[in-house]
Amino acid sequence: MKEIRLNSPLKGQLIELKDVKDPAFASGAMGKGAAVKDPEGKVYSPVDGTVTVLFGTKHAIGIHSEDGADILIHVGIDTVNLGGKYFDAKIEQGDAIKKGQLLLEFDPEGIKSAGYDTTTPVLVTNAFDYDKITVALGDKEITTVTAEPAEEEAPAAEAPAEPEEDYSDLPKEERVAKLIWKYVGGRDNVRSAEHCATRLRLIINDKSKLNEKAIENIDGVKGQFFAAAQYQIILGTGFVDKVFDAFVAGTGLAGASNNKAEAYAQMSMAQKISRTLGDVFVPIIPVLVATGLFMGLRGASLSLGVQFSDNVLRMSQILTDTAFAFLPALVCWSTTKRFGGTPVIGIVLGLMLVAPQLPNAYAIAAGEAQPIMMDIFGLSVPVVGYQGSVLPALVLGIFAAKLQKWLKTFIPDVIDLIVTPFLTLFISMILGLLIVGPIMHWIELAVFGAIQTFLALPYGIGGFIVGGVHQVIVVFGVHHVFNALEVQLLATTGVDPFNAIITGAIIAQGGAAAAVAARTKNKKKRALYVSSIVPAFLGITEPVIFGINLRLMKPFLYALVGGACAGGIAGFLHLAGTGMGITVLPGTLLYLDHLPQYILVNIVGFAVAFALTFTLFNPEKEDEA
């Protein structure tokens, strides 16, 4: 048995690849190994060998070891978009290196502040040359057992891997590039192109012209999918550089594209709103997840009869209540940062909305305080604090960022440091407390009141509908709009019923994909399917949706039925989590005081989707139809 053991090239928390929030890495399509979460900012060589790939943006390194292993170290997810910022390479491509040698330094906090995940996959890309691959970090090891890929029997209806033209005399990269051009619909159908360390990333004008199955069958292509409005074709380290050069040769695409801006430009208005809300709320979700876990642990302990002293309860309340008491500060900070303003101005504006001089919103709701009434042009305007509110802080953050940018266009540089922040804070505060705050708060109460009523419909009807359509919304890329809903539910009620509904929809996708894998005879396909299914149990459905269910369509539809059934039960049981942001197996931490009900919802979602798919769908007949 041929084995390879690598010491992790980075310090941090060693995790399995399935936990990486990127379908290409999580599914194992790029290779086998592990990943390092929250890494420190230095990368050391795990082997003696040669640097075969050093990407121009310094975020990824390919190494060929003296023992024949091809290793990829990819710092962060989508960090190619940083253009090399926060990275400092200590070696060059082609250098001979020794085990333990410093290869790269990077700034983890800078990368995170730019909105990117620093989780770093460490892969053996020629994984099928080894029976067992182990990555070790400290006292933790992650071992992957690989299997020799089985020979595939090409179905009669399979899309042709080769075109009618004869490209057999061309180098492999040119042949692959020409085939990709053919099957993406020609040069008029590609708006921009770029590549990272592993994938060719295209912005497509007309998706209907794509022949995705034919692209996937090209010899040299390891997979393809859409993500963030980009069409991504997995080619592997080193090879992607060659294919990209051949792909853009003779075109105006090389060095002239900005895929991030192009991707945003191609989004629908709903997708743009969803992406913007995601950019605002995703950075603050970890805090709310942690708060929810504290709430769940406290609730479970109390339900088991554990007695706490007054001081311990007070400390627990500090842990669970602080984030929501100052929620406008978090939202306003993130919004101001997202729209190009100075983040600290956003923090101060958000704190103004919950200043202690204002009547506390919770006290007003309990009848213990009254709003301050101010006369503005003959109108009596109630001035209150906005503890737990989202929309006033969101709108005020956008306004402050735009105002600051506008002021900078004419205020002289010599007084900009003083005058611009002062005017931004003064004007935004007056507008926020007297106009934006009252209007947005009224809209917020109306909208979220209606949503709460819908989710609480009798017999679980609301949950049935939401559970059935949630993953469709994920496919269209507008699911981030629910972040604001979940934050508001937690802030106003202390629980999140939406989380309980969608966890059944998520595990249902895994159930349908598991049924496809169970009925697939081809060993290579089955192994790929299984590696895509595992992330679904951790709340990540993109690998199974885009890699299995949606491509085959029927399993996706059966999974929607499973999600609807699970959501209906969650609604009927009035199940709600104490936090947000985690579902399925990790989500159990949010339901420690209602664990049997939560397990039931997940079992129903998985079982219904699995049973329908296993009974009604035959991948051997329909996979390539």
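Keep in mind the model is a prediction, meaning the values are calculated, not measured.

### Some remarks on the overall build of the protein chain
Now for step 1: Scanning the protein chain from N- to C-terminus turns up 23 helices and 19 strands.
Now for step 2: Taken over 625 residues, the protein chain has a buried fraction of 49%.
Now for step 3: Counting only contacts in the protein chain whose residues sit at least 6 apart along the sequence, the fraction spanning at least 24 positions is 73%.
Now for step 4: Of the accessible surface of the protein chain, which amounts to about 28,000 Å², a share of 61% is contributed by carbon and sulfur atoms.

### Some thoughts on the environment of Ser428
Now for step 1: With respect to the helices and strands, Ser428 occurs in helix α14 (residues 413-455).
Now for step 2: Along the primary structure Ser428 and Gln404 are separated by 24 residues, whereas in three dimensions their C-alpha atoms are 9.9 Å apart.
Now for step 3: Of the polar contacts made by the side chain of Ser428, one reaches the backbone oxygen of Thr424; its length is 2.7 Å.

### Examining the side chain of Asn189
Now for step 1: Along the polypeptide, Asn189 turns up in the loop between α3 (172-183) and β14 (190-195).
Now for step 2: There is a polar contact of 2.6 Å between the side chain of Asn189 and the backbone oxygen of Val184.
Now for step 3: The contacts of Asn189, once residues within four sequence positions are left out, are Val184, Ile203, Ile204, Asn205, Asp206 and Lys209.

### Regarding the pairing of strand β12 (residues 132-137)
Now for step 1: Burial analysis of β12 places 5 of its 6 residues in the buried class, which makes it a mostly covered element.
Now for step 2: Here strand β1 (residues 3-7) pairs with β12 via 5 bridges, running parallel. What sits directly across from Leu6, in β12, is Val135.
Now for step 3: Bridge analysis of β12 against strand β13 (residues 140-145) gives 6 bridges, and the strand direction is antiparallel.

### Quick word on α3
Now for step 1: Taking 1.5 Å per residue, 12 residues should reach 16 Å; α3 reaches 17 Å between its end C-alpha atoms and fits that length.
Now for step 2: The complete set of buried residues in α3 reads Arg175, Val176, Ala177, Leu179, Ile180, Trp181 and Tyr183.
Now for step 3: Just beyond α3, the residue with positive phi is Gly185, at close to 100 degrees.

### What to know about the sheet that holds strand β2 (residues 13-15)
Now for step 1: As summarised here, the arrangement of the 7 strands in space is β2-β3-β11-β7-β6-β5-β9, forming an open sheet in which the pairing is antiparallel. What marks the edges here is a single partner per strand, and that holds for β2 and β9 (96-97).
Now for step 2: Pairing of strand β3 (residues 32-37) with strand β11 (residues 120-124), which is carried by 5 bridges, proceeds in the antiparallel orientation. Residue Ala34 lies in a different strand from β11, and its bridge partner there is Val122.

### Overview of the packing of helix α10 (residues 327-338) against helix α11 (residues 343-353)
Now for step 1: Where α10 meets α11, the axes come as close as 7 Å, and the angle between the chain directions of the two elements is 150 degrees. When the interaxial angle is binned, α10 and α11 end up roughly antiparallel. For the pair α10 and α11, the crossing hand works out as right-handed. Counted together, Pro328, Ala329, Cys332, Trp333, Thr336 and Lys337 of α10 and Pro343, Gly346, Ile347, Leu349, Gly350, Leu351 and Leu353 of α11 form the full contact between these two elements.
Now for step 2: Of the residues belonging to the contact of α10 with α11, the class tally is 9 nonpolar, 3 polar and 1 charged.

### Describing the pattern of salt bridges
Now for step 1: Taken as a whole, this structure holds 9 salt bridges when the rule is applied.
Now for step 2: Between Arg5 and Glu141 there is a salt bridge, and its shortest N-O distance comes to 2.6 Å. On the criterion of sequence distance, the pair formed by Arg5 in strand β1 and Glu141 in strand β13 is long-range, its members being 136 residues apart.
Now for step 3: Residue classification places Glu141 among the partly exposed residues on the basis of a relative accessible area of 44%.
Now for step 4: A salt bridge links Asp22 to Arg199; the shortest N-O distance between them is 3.1 Å. With Asp22 in the loop between β2 and α1 (23-26) and Arg199 in strand β15 (residues 199-204), this residue pair connects regions lying 177 residues apart in the sequence.

### Things to note about helix α20 (residues 554-572)
Now for step 1: With 19 residues, α20 ought to run about 27 Å at 1.5 Å a step, and its terminal C-alpha atoms sit 27 Å apart, in line with that.
Now for step 2: After α20 finishes, the residue His574 shows a positive phi value of roughly 55 degrees.

### Digging into the sheet that holds β12
Now for step 1: One open sheet accounts for 3 strands, arranged β1-β12-β13; its pairing is mixed. The open sheet has two edge strands, β1 and β13, and neither has a second partner. Neighbour-to-neighbour, the strand axes of the sheet open up by a mean angle of 15 degrees, direction not taken into account.

### Overview of the nonpolar core
Now for step 1: Judged by nonpolar contacts, the single largest core of 35 residues is most densely connected at Phe281, Leu327, Val331 and Val487.
Now for step 2: Listed by contribution, the elements that provide at least two residues to this core are α7 (269-281), α8 (285-303), α9 (310-325), α10, α11, α13 (391-408), α14 and α16 (481-493).
Now for step 3: Formed by 33 residues, the second largest nonpolar core is a distinct cluster that contains Leu104, Phe106, Val124 and Ile133.

### With respect to unusual backbone geometry
Now for step 1: Residue Asp78 is not a glycine yet carries a positive backbone phi of 60 degrees.
Now for step 2: Mapped onto the elements of the fold, Asp78 is located in the loop between β7 (70-74) and β8 (87-89).
Now for step 3: Look at Asp78 and you get partly exposed, because its relative accessible area is 25%.
Now for step 4: Its identity as a non-glycine residue notwithstanding, His574 has a phi of 55 degrees, on the positive side.
Now for step 5: By the element assignment, His574 lies in the loop between α20 and α21 (584-587).
Now for step 6: Residue classification places His574 among the exposed positions, given a relative accessible area of 61%.

### What about the side chain of Asn549?
Now for step 1: Looking at where Asn549 falls in the secondary structure, it is placed in helix α19 (residues 542-552).
Now for step 2: Within the local environment of Asn549, its side chain forms a polar contact with the side chain of Gln509, the two groups lying 2.9 Å apart.
Now for step 3: Leave out the neighbours within four places in its chain, and Asn549 touches Gln509, Ala512, Ala513, Val544, Pro555 and Phe556.

The rules behind these values
- Residues numbered from 1 in each chain as written.
- Predicted model: local features only at pLDDT ≥ 70, side-chain atom pairs only at ≥ 80, totals over all residues.
- Heavy atoms only, no water.
- Helix = DSSP H or I, 4+ residues; strand = E, 2+ residues; numbered from the N terminus.
- Buried < 20%, exposed > 50% of the residue type's maximum accessible area, 1.4 Å probe, protein only.
- Contact = heavy atoms within 4.5 Å.
- Areas by Shrake-Rupley, 256 points an atom, 1.4 Å probe, with all protein chains shown as cover.
- Polar contact = N/O pair within 3.5 Å; in protein donor to acceptor, adjacent residues only side chain to side chain.
- Pairing = 2+ DSSP bridges.
- Expected span 1.5 Å × (residues − 1).
- Axes fitted to C-alpha atoms, helices over the stretch in contact; angles between N-to-C directions.
- Parallel < 35°, antiparallel > 145°, perpendicular 65-115°, else oblique.
- Left-handed = near helix turned anticlockwise from the far one by under 90°.
- Nonpolar A, V, L, I, M, F, W, Y, C, P; charged D, E, K, R; others polar.
- Salt bridge = Lys/Arg side-chain N within 4 Å of Asp/Glu carboxyl O.
- Core = buried A, V, L, I, M, F, W, Y, C linked by side-chain atoms within 4.5 Å.

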